[in-house]
Structures are given as C-alpha cells and as structure tokens.
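Read off the chains here:
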Amino acid sequence: MTLLRSAILSALALAATQANAQAPAKASAAITEAGLLGHIKTLASDDFEGRSPGTPGEAKSVAYIEQQFKQLGLKPGNPDGTYRQAVPLLGMTPTPKFSYQIGERKVELRAGDDYVAHSSGSQTSVNIPNSEIVFVGYGVQAPEYGWDDYKGVDVRGKTILMLINDPAIPDPKDPAKLDPAMFKGAAMTYYGRWTYKYEIAAKLGAAAAIIIHETKPAAYPWDVVRNGGLHEQFSLLRDGPDPDAPPVPGWIQLDRAKEMMAAAGYDFDTLKQAALTKDFRPVSLKGTASFQVENTARTVQSNNVVGLIEGSDPKLKHEYVICSAHWDHLGIDEKLPGGRSKQIYHGALDNASGTAALMELAKAYKALPKAPKRSVLFLATTAEERGLLGAKYYASHPLHPLRETVADLNIDGVNAWGKTEQIENVTSGHSSIDELLVKAAKGQGRMVQPDSRPELGSFYRADQLEFAREGVPVLYTKARSKFIGKPENYAHDMVDHYVAHDYHQVSDDVRSDWDFSGAVQDMQLLFQVGYDIAQGATPQWKAGSEFKAKGDERLKRK
Ligand SMILES: [Zn+2]
C-alpha cells in the first residue's frame, strides 16, 4: 500500500468515525419541546381520567402509547407479537385486629390510631395467633457494612418489631453528623426503606413485621401512615405468598411501641441506642402478638406497554437496554369538590411527562441512520403509584432475559422549568453508568452532581428500583438545581412549590408557564447514554452498592 493510499484510507476511516459520533447528536434533535408537550396534553387530559390501572383511563392510555409506538415504527416489545404485557393486580382493603400480651399486660390496639396493618399474598383472611414478639433493631442485614441485626436468631413465625430508616450511626470524628462510612451517612440506603424491611422479614420467615414510626426520621407524621395504611392495598396477583412481604406487614405508633417495650421491662431509648452498634442482638419482649386481618378483595387487569428497536449487531441484538417510564397515575376522587375536572388527578408531570419523554426518546432512536448494536426496549409501566408494581412484574416476568438486560434508564417526571447547568444523578455511586453520564454531560457543557436530596431516598421510590433489585444497573436523573439565567432561589421555589402543592394533587396539570428546553436537554443526554450502552458499553455495578451482590447473581443466571 502506498503511503498516499493509506493516508486517504485513514482519513476516510476518521470521517466515518466522526459521522458515527455525530449520528446520535443529529438523531437527538428529534426530541422536541413541542413533541413532549403534545403527548403530555393528551395523557393528562380529563379524557384520560387520571390514568388509574384497570379503569377506562387505562384503556385510553395504553391504546395511545401503543398507537404511538406503532407509528414510530417500533416493533412489538412482547415476543408474543403484541405491544402489551398483561399485569394482573390484586386490590385488598384490610380490616385488621392486633392485640398483644406481655406478662400481665393484655392490650387490644386501635387500628388507625395505634397501628396499621394489612395482609400480603392472596388470602382474604389471615390469622396469626400468639406469635412471639422480638425487637430486631433496624432489621438490617448489610454484608458490605459487616452488619447483621438478626445474628442467626430464628424469627420464623414471630412478630418482629423494627426501627425506621437505616442505622443512624454518629460520625466518630464529629458526633453531630452521621458516619459517612456507614450506610452512607445522612443519605438513605435501600436498607432504610420500609419495602426492604418487609422483604427481609419475608425472607427470614417472620409472621409479622411491624415498623415503629418516628416522625423525624420518617419525614412524615403518623397521619400519613394512618391515611395510607388502611386503604386498599395493591400487590401483584399471585398464587402463593408474596416473596417481598411477611404475611402481616404493619406500622405502630411510637408511644404504643414504647408501652409495649415497657411492659417487657425495656426502655425504648435504651434499646434504640443498643441497636446502633454492630453487636446488637435481637431482644425478645417475652410476650406474644396476635393478628387477624380480614379483607375485601378485587382483581384488576392492567398492562405494561412495550415497544422494541431490534439491535443491528447479529450478536449484540440479543442484549437489551431498557428505557422505562410509568404511564399510570392516581385516577379520580369523586369525593373532591369543584366538579369533574377538579376531581381528576391529571398527573401531568407525574408521569405523563416521563411517558411523553419515552416516546420522544424512541423517536430519536428511530432517527439514527442505523439501529444501535444492542436492542432497545421502551417500557411504559403500570401501577408505579401502587408500589412500583408494573416494573416489579416486568422484573419478575421479563419479556427478554434479565441476564441479557444491560441497563434500565428510568424517567419519572421531567424538568419543566428551563435549562440547567447540571444534572443530578440520583443513582450515582452504584454503577459505571455514572461515568457514561459524566462524559455525555460534558458533551453538553454540563456537570453531573449527586442527588441533592439523598435523605429522601428517591432511588428507592421509582421504577428503576425493581431493576436494581434484580441486579440490572440503572440510571435515574433529576434536573432540579442551577437553572441558567434564573435567581439562586428559583430551583428551590419551583421544585419545592411543585412538591408542596402539586405533587400527587389534582393540580399537577398542564401549565402555560412550563419551559421544556431543559427537559429536551436532559432527554438528549439520556439518549446519548442509552446510545453508548446500546453500542457496547456494558455497565458494571460498583463495590459498595447494596445491589452489587444481586448484579453478580444476575450474571450467573442461565
Ligand atoms: Zn407519583
């Protein structure tokens, strides 16, 4: 080969690489503010009735997303040739009874005022007589911190009492702060979520798991527990017991828990203090609890919506990148005053906006000159608002093997307030998607910051959690700080105002002062990260993530 020829060839190769690098940037121009707004206006309209699973609002939502997926040229995401995955749900409204006997003290607690409890699984009547009560501290088993509150004590068939949140261990250098080396300091880890506490209780065979409510660490008063706890509870419809909850999960009001411990001769504060060390061992309250839960039950047939872009690489197309967003919201509350429109939970930002973004992302992928190497699955989940149930169902009944699912990029609520200098990575510290995000953000001239509100545990309160729990690396971002050209308190005012006044209220509706220029940027960023993964970057869990062990397990699956 002459020197000239090889120079020409390498110049051609360089041009091809550059064109390749520009392909996603060009395609991402398909994501537009008007596109987002159009979908949101439809999904959040009165006509869609607040998109509650199993209602006419679901039928409209699912049909709309399916039609959009088809129109975009996505293939059916379900191997059965459809765009739907049926998700059967069970709704149960509990009437519980809870009493205990410790020594001479026999107490019948009042449902609502003193405690809330329901039953898991599909049985409408659950009876747990005289089960030994054991205080298990925070109820946490965290090998990466050398922490085990159970110490091999058999809690099968027992009622376990647990503290809220993850262990709040003071920093040895500054006891006014929390130790950043243990359970991520002030940030919440998954061990602090009540869902985790019920899961570990189920895994260890406890009959009942009761969390002691404390207003400050919970960040919400008992009334919130009372209001939520005795309403209809949704779960996945299944034959056997729920693997993620003991037969009776519940909460107890702090003063009642203190009385219970006092009856056994223990002081709550002393036990709580003891629970802050690795040496803590479960403490039997030398008494028994009895539960009787009667339910009225109904089944609800709901659907995830799935569309697919098949990968272009013969080998890598059998691997999947999932982009997800929940389509459901809270429906209608006919008890609210002010007429029909004031009774509909429009869920415009939560999460008509994410669903809209999902369709805009699909549009960008379709605008690529060539499909990416790996396949990309667009998953619009149901029943997120009922406990991440659509995502949980997908993760436990995957349409494409999770072993071959390399990432889930989830969207829950887009930024409606303009461009930002930075994007917050809520899932930061968990996987090598962090570095892909930093690189892509740099390309936009933006910075990546960790979650600015880690104490809220946002990681654990949206659909990506269900993928992480199965070992699939995840990304979930929020743009809620450093708005360009806006006063310092703007982020605070807009975001906090939404959370205080519109989040999960009927007023979460389409607004004329929205500015989706930031959302477009965020979705272009997500598109670039997803594209990089789809082209072959394989995310890895990081040591120290509470999901790494699950990730290792996933890769061993057949
Ligand atoms: Zn929500």
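Up top you'll find the structure we're talking about.
Reading guide: rules and limits
Residues numbered from 1 in each chain as written. Predicted model: local features only at pLDDT ≥ 70, side-chain atom pairs only at ≥ 80, totals over all residues. Heavy atoms only, no water. Helix = DSSP H or I, 4+ residues; strand = E, 2+ residues; numbered from the N terminus. Expected span 1.5 Å × (residues − 1). Contact = heavy atoms within 4.5 Å. Donors = N, O, S within 2.8 Å, 3.2 Å for Na, K, Ca; no water. Tetrahedral: all angles 85-135°; square planar, octahedral: opposite > 155°, others 65-115°. Buried < 20%, exposed > 50% of the residue type's maximum accessible area, 1.4 Å probe, protein only. Pairing = 2+ DSSP bridges. Salt bridge = Lys/Arg side-chain N within 4 Å of Asp/Glu carboxyl O. 1 Å grid on protein atoms, 1.4 Å probe; cavity = no way out; pocket = protein on both sides within 12 Å on 5 of 7 lines; lining within 4 Å. Points joined across faces, edges and corners; volume = space filled by probe spheres on them. Nonpolar A, V, L, I, M, F, W, Y, C, P; charged D, E, K, R; others polar. Axes fitted to C-alpha atoms, helices over the stretch in contact; angles between N-to-C directions. Parallel < 35°, antiparallel > 145°, perpendicular 65-115°, else oblique. Left-handed = near helix turned anticlockwise from the far one by under 90°.

**Examining helix H13 (residues 490-502)**
1) Next: Here H13 spans 17 Å end to end across 13 residues, near enough to the 18 Å set by a 1.5 Å rise per residue.
2) Next: For H13, the secondary structure elements touched by its buried residues are helix H9 (348-366).
3) Next: Backbone geometry just downstream of H13 places His504 in the positive-phi region, at approximately 60°.

**Quick look at the coordination of the zinc ion**
Put simply, a metal with four donors set out as a tetrahedron has ideal angles of 109.5 degrees, and one with six donors set out as an octahedron has ideal angles of 90 or 180 degrees.
1) Next: Taken together, the protein donors to the zinc ion comprise Asp350 (OD), Glu385 (OE), Glu385 (OE) and His504 (NE2), at separations of 2.0 to 2.3 Å.
2) Next: Here the zinc ion is ringed by 4 donor atoms whose angles at the metal span 58 to 142°, and the overall shape comes out irregular.
3) Next: Look at Glu385 and you get buried, because its relative accessible area is 17%.

**Describing the pairing of strand S3 (residues 105-108)**
1) Next: By the bridge criterion, 4 bridges tie strand S2 (residues 84-102) to S3 in an arrangement that is antiparallel. Note that in S3 the partner of Tyr100 across the bridge is Val107.

**Observations concerning the pattern of salt bridges**
A side chain with one charge can pair with a side chain of the opposite charge if their charged atoms come near.
1) Next: All chains considered together, the criterion is met by 38 salt bridges.
2) Next: Note that Asp244 is salt-bridged to Lys392, the shortest N-O span being 2.6 Å. Here Asp244, found in the loop between strand S10 (233-236) and strand S11 (248-252), pairs with Lys392, found in helix H10 (residues 389-396); they are 148 residues apart in sequence, far enough to count as distant. With respect to burial, Asp244 and Lys392 carry one shared label: buried.

**Re the layout of surface pockets**
The gaps of empty space that remain are located by a probe, the size of a water molecule, rolled over the atoms.
1) Next: Roughly 600 Å³ of internal volume is contained in the second largest pocket.
2) Next: Around the second largest pocket, the lining is made up of 22 residues, and of these Tyr196, Glu199, Lys203, Glu546 and Lys550 lie nearest the centre.
3) Next: Listed by contribution, the elements that provide at least two residues to the lining of the second largest pocket are helix H4 (194-203) and helix H15 (548-556).
4) Next: By residue class, the composition of the lining of the second largest pocket is 9 nonpolar, 3 polar and 10 charged.

**Here we look at the packing of helix H2 (residues 33-43) against H9**
1) Next: It is the contact of H2 with H9, at a shortest axis distance of 8 Å, that shows an interaxial angle of 130°. Taken together, the axes of H2 and H9 lie oblique to each other. By crossing handedness, the relation of H2 to H9 is classed as right-handed. Contact residues: H2 offers Gly35, Leu36, His39, Ile40 and Leu43, while H9 offers Ala348, Ala352, Ser353, Thr355, Ala356, Ala357, Met359 and Glu360.
2) Next: Split into classes, the residues belonging to the contact of H2 with H9 amount to 8 nonpolar, 4 polar and 1 charged.

Distances and angles like these do not, on their own, reveal function.
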